[in-house]
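Spelled out, the chains give:
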Amino acid sequence: MKPARRILDKVANGDLTTGVLLTDQCYPEMVEYCALAGMDYLIVDREHGPFDDQLTARLCSLGRMTDFAVMVRPIDSTYPTIRRSIDLGPCGFLLPTVQSAEELDVVRDAIYMPPRGSRRPGGHGNYWVPDFYAETWKSEVEDDFIVVPQIETEKGLENAAEIAAHEIVTAIGIGPYDLSHSIGVNFQPDHPRFIEAVERIREAGRQAGKTMWRIGHGPTMVAEGYHFLCIGEATGLLKAALSQAQVDTATASGAGS
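Caption draft 1: The packing of aromatic side chains, seen in detail. Considering all chains together, one arrives at 5 aromatic pairs under this definition. Seen in terms of ring centroids, phenylalanine 93 and phenylalanine 145 are 5.1 Å apart; in terms of plane orientation they differ by 70°. Their pairing is edge-to-face. Of this pair, phenylalanine 93 sits in strand 4 (residues 92-95) while phenylalanine 145 sits in the loop between helix 6 (134-140) and strand 5 (146-151), and the two are 52 residues apart along the sequence. For phenylalanine 93, a relative accessible area of 0% translates into the label buried. Ring centres 5.4 Å apart and planes at 50° place the aromatic pair tyrosine 177 and phenylalanine 187 in the tilted group. Here tyrosine 177, found in helix 9 (residues 176-182), pairs with phenylalanine 187, found in the loop between helix 9 and helix 10 (192-207); they are 10 residues apart in sequence, far enough to count as distant. Taking the relative accessible area as the measure of exposure, tyrosine 177 reaches 47% and is therefore partly exposed. Classification of phenylalanine 187 as partly exposed rests on a relative accessible area of 39%. Against the face of tryptophan 137 rests arginine 119, its NZ or CZ located 4.8 Å from the ring centre. The aromatic ring of tyrosine 226 is capped on one face by arginine 214, whose charged end is 4.8 Å from the ring centroid.

The following block contains the structure:
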């Protein structure tokens, strides 16, 4: 699938690769908006967002038609959830709260067709391929499928090296808010323990030959040497832009009076 291959190539080359998370609001036009803004991907957040199968499949369909990468964050990484999620037609997953390589074995089985896995294809995901031969699934979907496991617990942090090294992992990710609470620093991003945890995850990726996916303030992450980025939640970015526009307008009004 071309959108996923484009992401994989950019990430492998160390090119800046940006996207947004859709949690508060999600609608089909977001595919076009993100593409026009020059972003590389969006993630439909079904872990925290109230988005049903039909809406998610619609965004995935638009992604296929426009060659724009639409990923999904499922509510968990169990076999039924992953099988159902891939049937909706995304080109990748952001996996929440991954704590071991064994959990990724389950994801692998739900993503791959036999003999590598046990997936039974169906739904909107079928439209990625021109036929249903196993080799077609492998070459046109499975080999390019994006998988980013989020380290969000102390147990996941302990197993970061084996998680990063897993065969299906594209890049190792982080859930900064949840991880900070798990290690006892309650979202203090400048706390030494949190900084150490981030670097531990990053190093696990380096040792496995994979980069680290980060979510946060884009310029700050770029300055820290990251290039596979989620620059925020879309509604949050809109609120910030509206607030800044109001401040700029009020400032101009005061200056002109």
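After that view of the structure, there is still more to cover.
Caption draft 2: Geometry of the pattern of salt bridges. The full count for this structure, using the stated rule, is 17 salt bridges. A salt bridge links arginine 73 to glutamate 47, with the nearest nitrogen and oxygen atoms 3.3 Å apart. Pair noted here: arginine 73 is in strand 3 (residues 69-73) and glutamate 47 is in the loop between strand 2 (41-45) and helix 3 (53-66), with a separation of 26 residues, a long-range link. Take arginine 73: its relative accessible area is 7%, and that puts it in the buried class.

Parameters and conventions
Residues numbered from 1 in each chain as written. Predicted model: local features only at pLDDT ≥ 70, side-chain atom pairs only at ≥ 80, totals over all residues. Heavy atoms only, no water. Phe/Tyr/Trp six-rings, centres within 6.5 Å; stacked < 30°, edge-to-face > 60°. Helix = DSSP H or I, 4+ residues; strand = E, 2+ residues; numbered from the N terminus. Buried < 20%, exposed > 50% of the residue type's maximum accessible area, 1.4 Å probe, protein only. Lys NZ or Arg CZ within 6 Å of the ring centre and 35° of its normal. Salt bridge = Lys/Arg side-chain N within 4 Å of Asp/Glu carboxyl O.

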